[in-house]
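If you want the building blocks of each chain, they are given just below.
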Amino acid sequence: MYPVKKGQVAHQAHVGLPAGAYEEEHGRKGFYGKTAHLYHANPPTGWTRFEGKLRPHLLDLNRITPTDQTDAQGQPTPVLGNAQIRVSVSRRAEAMPFYFRNADFDELLFVHRGTGIVETDYGPLAFEPGDYVVLPRATTYRVVPATTDNFILVMESKAEFEQPEKGLLGQHALYDPGVITIPDPAPGTLAGPEWEVRILAGGEYSKVFYSFNPIDSIGWKGDLFAWKLNLRDIRPVMSHRAHLPPSAHTTFVTEGAVVCSFLPRPLEEDPEALRVPFFHRNTDYDEFLFYHEGDFFSKDNIKPGMATLHPRGIHHGPHPKALFNQHNKTRTNEYAVMLDGLNPIDVLPGGEAAEWPEYWASWGAGANIK
Ligand SMILES: [Fe+2]
């Protein structure tokens, strides 16, 4: 079947596009499956209007005020999700006066802002901005912030968050496993006389009470435990000659999603290589992208704490200005976290309030600039 070439095409993907053409990747299974590159005369995001439900979304998650921001007994606000994965925002300002155990989902916390400690069955993990904290399903834990202005993105999955296969790159690619932090057992610090463990199971909260602090492990062993990794320890892979797909930046895999980390890096040196993400239409995945820090070169008007959701079936790609300026830049300076969902991801009622409804039009002005 492959290679089939028709009409004017690039010799290789993302390099030396036909003059004036816009390259689009139409692929299956994220960036792992069958692929065609189409060379368009116009940018695929140059639409003029939408009808119907399907459209790209932008959420300013800074506008979310979860109940845990003002009430120690409160909870994060779910903003996006489907049957397999869910994304919530926690703005917890005070220590949890209870322990929590999520029996419905594995959890991956991403710390956007704030410092503190997560007490777990396995011991405490200190957290800081840029941390990913992995909490296996049904781990008992409590978030104890040291700061009051905190912002944690809570990613939940029906399956474990695991490290990706690194294959040809070797086990020290992306990050050396030696940088992972694994907790040492230590007693919980929540004061009594009664201790609550709040359990989420079957979508409902139940509470179990003890006359002793249940975070009381004196030791543990095995291959299931809480752990953490910071963005600063991830060393992204790149090619100086070709733009690599987002999957090259995968940090976690789970059954319903992959989580990727985009970090500052030099741009491609080859004068013919594309230096911005190529247009694509996400045939099998919905893409959630959270902007953590830095200058988000490929998108205009994006600030830290904002997020986009690009559903399958509609193209996305660089904004016209980024496409036009790509050869004037030598580096990216962005820190962003992407969760690609294998099944359609819905904006939940908690997220609707944070939507910027005109986002779909953001590629429009000057879309034909060359
Ligand atoms: Fe994408």
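Residues numbered from 1 in each chain as written. Predicted model: local features only at pLDDT ≥ 70, side-chain atom pairs only at ≥ 80, totals over all residues. Heavy atoms only, no water.

(A) Molecular detail of the overall build of the protein chain. Per the secondary structure count, the protein chain includes 2 helices and 23 strands. For 370 residues, the compact-globule formula gives about 21 Å, and the C-alpha radius of gyration of the protein chain, at 22 Å, lands near that figure. Principal-axis analysis of the C-alpha atoms gives the protein chain an extent of 75 × 45 × 35 Å. Each of the 370 residues in the protein chain was classed as buried or not, and the buried ones make up 52%. With the model as given, the accessible surface of the protein chain reaches about 17,400 Å², and the carbon-plus-sulfur share is 53%. (Helix = DSSP H or I, 4+ residues; strand = E, 2+ residues; numbered from the N terminus. Rg over C-alpha atoms; globule rule 2.2 N^0.38 Å. Buried < 20%, exposed > 50% of the residue type's maximum accessible area, 1.4 Å probe, protein only. Areas by Shrake-Rupley, 256 points an atom, 1.4 Å probe, with all protein chains shown as cover.)

(B) Fine view of a negative patch on the surface. There is a patch of like negative charges on the surface, built from Glu 160, Glu 162, Asp 223 and Glu 255. Within the secondary structure, Glu 255 sits in the loop between strand S16 (250-254) and strand S17 (257-262). Looking at Glu 255, the relative accessible area reads 62%, which means it is exposed. (Patch = residues over 30% accessible without salt bridge, like charges linked within 9 Å, V, L, I, M, F, W, Y side chains within 5 Å. Salt bridge = Lys/Arg side-chain N within 4 Å of Asp/Glu carboxyl O. Lys, Arg positive; Asp, Glu negative; His and termini not counted. Charge placed at Lys NZ, Arg CZ, Asp CG, Glu CD.)

(C) Up close: the sheet that holds strand S9 (residues 123-127). Across the sheet, which stays open at both edges, the 6 strands sit in the order S9-S8-S11-S6-S13-S14 with mixed pairing between neighbours. The open sheet is flanked by S9 and strand S14 (204-210), the only strands paired with a single partner. Taking each pair of neighbouring strands and ignoring which way they run, the sheet shows an average axis angle of 25 degrees. (Pairing = 2+ DSSP bridges. Axes fitted to C-alpha atoms, helices over the stretch in contact; angles between N-to-C directions.)

(D) How the structure looks around the nonpolar core. If you look at the biggest cluster of nonpolar residues, it comprises 56 residues, and the most contacted ones within it are Leu 61, Tyr 132, Met 155 and Phe 288. Of all the elements, strand S12 (residues 151-157) adds the most residues to this core, at 5 residues. Once you skip the residues sitting within four places of it in the chain, Leu 61 turns out to touch Val 79, Val 89, Phe 151, Leu 153, Phe 288, Phe 290, Gly 305, Met 306 and Ala 307. Core analysis: the second largest hydrophobic core is formed by 17 residues, Tyr 291, Ile 302, Ile 314 and Trp 363 among them. (Core = buried A, V, L, I, M, F, W, Y, C linked by side-chain atoms within 4.5 Å. Contact = heavy atoms within 4.5 Å.)

(E) Structural view of the packing of aromatic side chains. Per the stated rule, a full pass over the model turns up 18 aromatic pairs. Centre to centre, the rings of Tyr 291 and Phe 296 are 4.7 Å apart; their planes meet at 70 degrees, and the pair counts as edge-to-face. On the basis of relative accessibility, which here comes to 4%, the residue Phe 296 falls in the buried class. Taken together through their ring pairs, the aromatic side chains of Trp 47, Phe 50, Trp 356, Tyr 359, Trp 360 and Trp 363 make up a single cluster. In this structure, Lys 166 packs its charged tip against the face of Tyr 175, placed 4.2 Å from the ring centre. Lying across the ring of Phe 98, Arg 198 places its NZ or CZ 3.6 Å from the centre. (Phe/Tyr/Trp six-rings, centres within 6.5 Å; stacked < 30°, edge-to-face > 60°. Lys NZ or Arg CZ within 6 Å of the ring centre and 35° of its normal.)

(F) How the structure looks around the confidence of the model for the protein chain. Of the residues in the protein chain, 98% reach a pLDDT of 70 or more, and the chain-wide mean stands at 93. Segment residues 366-370: pLDDT under 50, and 15 contacts once partners within four positions in sequence are set aside and those in other chains are kept. (pLDDT = per-residue confidence, 0-100.)

(G) Main features of the pairing of strand S10 (residues 131-135). Counting buried residues along S10, 5 of its 5 residues qualify, which places the element largely inside the surrounding structure. Burial of S10 is two-sided: the residues Asp 131, Val 133 and Leu 135 facing one way and the residues Tyr 132 and Val 134 facing the other way are all buried. Looking at chain direction, strand S7 (residues 106-113) and S10 are connected through 4 bridges and run antiparallel. Its bridge partner being in S10, Glu 107 is matched across the sheet by Leu 135. Examined bridge by bridge, S10 and strand S15 (residues 227-230) share 4 bridges and lie antiparallel to one another. Along S15, the bridge assignment pairs Val 134 with Trp 227.

(H) Quick look at the pattern of salt bridges. Counted according to the given criterion, the structure contains 15 salt bridges. One salt bridge in this structure joins Lys 228 and Asp 131, with 2.9 Å as the shortest N-O distance. One end of the pair, Lys 228, is in strand S15; the other, Asp 131, is in strand S10, and 97 residues separate them in sequence. Accessibility expressed as a relative area gives 0% for Asp 131, which makes it buried. Between Arg 312 and Asp 286 there is a salt bridge whose closest N-O contact spans 2.8 Å. Residue Arg 312 is found in the loop between strand S21 (306-310) and helix H1 (320-325), and its partner Asp 286 is found in strand S20 (residues 286-295); the two are separated by 26 residues along the sequence. Taking the relative accessible area as the measure of exposure, Asp 286 reaches 2% and is therefore buried.

(I) Unusual backbone geometry, seen in detail. Cis peptide bonds are those with omega within 30 degrees of zero, and the linkage from Gly 192 to Pro 193 qualifies with 15 degrees. For Pro 193, the location among the structural elements is in the loop between S12 and strand S13 (195-201). The backbone of His 14 sits at a positive phi, close to 70 degrees, despite the residue not being glycine. Take His 14: it is sitting in the segment before strand S1 (22-27). Positive phi outside glycine occurs at Ala 138, with the angle close to 75 degrees.

(J) Structural context of the environment of Gly 116. Here Gly 116 lies in strand S8 (residues 116-120). Assessed through its relative accessible area of 9%, Gly 116 is described here as buried. For the pair formed by Gly 116 and Gly 20, sequence separation is 96 residues and the distance between their alpha carbons is 51 Å. With residues up to four places along the chain from it excluded, the contact list for Gly 116 reads Leu 125, Ala 126, Phe 127, Val 144, Pro 145 and Ala 146.

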